[in-house]
Amino acid sequence: MATVEVLSKEIIKPSTPTYEDLKTLKLSILDHINPHVYARHAFFYPSSPSGPTNAHLKASLSKLLVKYYPFAGRIDKTTINCNDEGVEFFEATTPAKLDEILKDLDIDQLAPFFPASNDVSSREFDNKSCLVIQVTTLGCGGVIIATWFSGKAGDPYNFVRFMNDWAALTVNPNGSLAADPEFVGASAFPLPNQMAYMPAPNPEKPVFPTRRFVFEASKLQPLQTEGSDPIPADSVVIALLFKSIAVAMKSSGSRKKCMIDYVVNLRGKTNPPISENAAGSYGSHNFLSLTEEELGVVPITEKLKGAVAELQEKYSKKDTDDEWSSDMFKGFIKLIKVMLIERGEMFVFISCVGLPFYEVNFGWGNPIWVGAPSLPWKNCILLRNIKKGGTDIEAWVSLEDANVLETVASDEELLAYATINPSIPLN
């Protein structure tokens, strides 16, 4: 494991105070039903003489927090207190070099590059940070920017937009954002009174066994043509992984029924429309139950496609302010009943394929890799492209049962399309 020395910790606050009428941001039902876990992302950059100093990074972050003011606040039960308490910003150094880290990649050894924040690790729910950052300078001159980002504060779409905006302001301090973020989630999806304090449980432990798979686009292409219409590559990956997990669960002796929780970005799928600039969580959870006979690429991807169509139909109109939230609450209660009756085990699939993680350029160039250590959410599968403009898909598979995960990792049918934890090329 690389030796990382933390040199300093500073609190970065917005460069101008947040207006009084913006001090309290109500959480939407979408924010509220998310487990209180922190997504972890690390951006790996090569050495470059044109890159910014940490002072530049902190100055641009302070300026950006004026627009992303909730991120400098603290999360309570049903609100974000936008009190400008600030973002913890750690500076660190390590003699390790980028090629050494990425050549023999061990995701379990990446933890020291992430900030050791007491706020994040605390089991208390109230007064939690939205965002924590660590910038580590490597022995080769490269840089790793690692973040903790609360699922209560926003979704992956929101997070990657924030990172790109931060990078843009670092490169051009006198520039302005292409569009300001809009924190309006509670107006579209208000929290029902009956959910005023029904918190999603914290994870039972901070991380779960996680394996990294890389699916080659050329191997997925034949499967994409098996349906009546072309199948998106990320849907094929979801189908392959879910089938492998379901088979592994059954072979382990589990009698639980495996189900899919397919998270879909609601932006662009509702009427009235949710703005592409909408900040916060807009991931709709779609719960799918499949029979053993449906454990194939075409049946599973048809179910995924149908879920999106059903979602768009459901949110194609809105007669009352709380109609969408009421429907979502009913679906949440129905899920709980189904899980209890059918003794279900839910597997959450989040696709970040197509999101511009690899366009976050602070001046060092595009990141060579964007990764993370083990995931903090049990039975969660996260997908994204592996490089800018790339078509290969990286899947982070986090399962509660380590034995089931190892069975999946040895599934020959799955490994015909994927490689487990390959090294990251530097070019």
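Rules and cut-offs
- Residues numbered from 1 in each chain as written.
- Predicted model: local features only at pLDDT ≥ 70, side-chain atom pairs only at ≥ 80, totals over all residues.
- Heavy atoms only, no water.
- Helix = DSSP H or I, 4+ residues; strand = E, 2+ residues; numbered from the N terminus.
- Buried < 20%, exposed > 50% of the residue type's maximum accessible area, 1.4 Å probe, protein only.
- Lys, Arg positive; Asp, Glu negative; His and termini not counted.
- Salt bridge = Lys/Arg side-chain N within 4 Å of Asp/Glu carboxyl O.
- Contact = heavy atoms within 4.5 Å.
- Pairing = 2+ DSSP bridges.
- Axes fitted to C-alpha atoms, helices over the stretch in contact; angles between N-to-C directions.

A. Inspection of the side chain of Asp 31 at higher detail. Structurally, Asp 31 can be placed in helix α1 (residues 29-32). Buried within the structure, Asp 31 lacks any salt-bridge partner; Lys 152 is the closest side chain of opposite charge, at an N-O distance of 7.9 Å. The residues touching Asp 31, leaving out its near neighbours within four places in the chain, are Lys 152, Gly 280 and Ser 281.

B. Here's a closer look at the pairing of strand β8 (residues 131-137). Along β8, six of the seven residues are buried, which leaves the element largely enclosed by surrounding structure. Relative to β8, strand β6 (residues 87-93) is paired through six bridges, and the arrangement is parallel. By the bridge assignment for β8, Glu 88 is matched with Val 132. As judged from the seven bridges shared by β8 and strand β9 (residues 143-150), these two strands associate in the antiparallel manner. In the strand pairing of β9, Gln 134 is matched with Ala 146. The hairpin formed by β8 and β9 contains five residues between the paired strands, and Gly 141 there has a positive phi angle of roughly 95°.

C. Representation of unusual backbone geometry in the model. Cis geometry is adopted by the peptide bond preceding Pro 272, which originates at Asn 271 and carries an omega value of 5°. Mapped onto the secondary structure, Pro 272 falls in the loop between β11 (257-265) and β12 (283-289). Even without being glycine, Asn 379 reaches a positive phi, approximately 55°. Within the secondary structure, Asn 379 is located in the loop between β14 (369-371) and β15 (380-385). Relative accessible area serves as the criterion here: at 3%, Asn 379 is assigned to the buried category. One non-glycine residue, Asn 421, lies in the positive phi region at around 50°. Mapped onto the elements of the fold, Asn 421 is located in the segment after β17 (418-420). According to the relative accessible area criterion, Asn 421 is partly exposed, its value standing at 25%.

D. Region of the structure containing the sheet that holds strand β16 (residues 393-398). Taken in spatial order, the seven strands make up an open sheet running β12-β11-β13-β15-β16-β10-β17, and their pairing is mixed. A strand with exactly one partner marks an edge of an open sheet, and here the two such strands are β12 and β17. Taking the axes of each pair of neighbouring strands and ignoring which way they run, one obtains an average angle of 25° across the sheet. Across six bridges, strand β10 (residues 210-215) lies against β16 in antiparallel orientation. Paired with Phe 213 across the bridge in β16 is Ala 395. Each of β10, β16 and β17 touches helix α11 (residues 402-409); the most contacted strand, β10, lies at about 20° to it.

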